[in-house]
Amino acid sequence: PIILTVNGFCWAAGSMYCAGVAWLVLANQGGWRELTVIMSMPPFFTFAVLLTVPESPRWLYSQGRVAEASAVIKRIARMNHVSLP
């Protein structure tokens, strides 16, 4: 149920983003080419972020990559200023 709510929110937010950007670009004498370039930028940013996000420690552990899972957990703890037991 909560996933459906988040999914619906993301679709609604994306639709509002598209409408707002289209209105801003086209109202300022921009054409469809400018609109296409601007609308294609968010996926590139998302892809760039995905390259920096580490694999899930749970998945790494399930694949037998225990040392990598431990390194990811230590990195997360360091970023959160938490000491591991």
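Here, every reference points to the structure presented above.
First, a word on what this report is: a plain description of the structure on this page. Please read all numbers here as calculations on a predicted model, not as lab measurements.

**Digging into the packing of helix α2 (residues 32–39) against helix α3 (residues 41–52)**
Across the interface, α2 lies against α3 with an axial gap of 4 Å and an inter-helix angle of 20°. Relative to α3, the element α2 is oriented roughly parallel. Contact with α2, carried on its side by V37, I38 and M39, involves M41, P42 and P43 of α3 and no other residues of that element.

**Side note on the pattern of salt bridges**
Enumeration over the complete set of coordinates arrives at one salt bridge. Between E68 and R65 there is a salt bridge, with its nearest N and O atoms 2.9 Å apart. For E68, a relative accessible area of 39% translates into the label partly exposed.

**Some remarks on unusual backbone geometry**
Unusually for a residue other than glycine, Q29 sits at a positive phi of about 65°. Within the secondary structure, Q29 sits in the loop between α1 (2–27) and α2. On the basis of relative accessible area, Q29 is assigned to the exposed category, the value being 74%.

**Structural notes on the environment of P42**
With respect to the element layout, P42 can be found in helix α3. Look at P42 and you get partly exposed, because its relative accessible area is 29%.

**Quick word on the environment of L35**
One can find L35 in helix α2. For L35, a relative accessible area of 17% translates into the label buried. Residues L35 and V72 lie 37 residues apart in sequence; the distance between their C-alpha atoms is 39 Å. Setting aside residues no more than four positions away along its own chain, L35 makes contact with V21, A22, V25 and L26.

Quick notes on the rules
- Residues numbered from 1 in each chain as written.
- Predicted model: local features only at pLDDT ≥ 70, side-chain atom pairs only at ≥ 80, totals over all residues.
- Heavy atoms only, no water.
- Axes fitted to C-alpha atoms, helices over the stretch in contact; angles between N-to-C directions.
- Helix = DSSP H or I, 4+ residues; strand = E, 2+ residues; numbered from the N terminus.
- Parallel < 35°, antiparallel > 145°, perpendicular 65-115°, else oblique.
- Contact = heavy atoms within 4.5 Å.
- Salt bridge = Lys/Arg side-chain N within 4 Å of Asp/Glu carboxyl O.
- Buried < 20%, exposed > 50% of the residue type's maximum accessible area, 1.4 Å probe, protein only.

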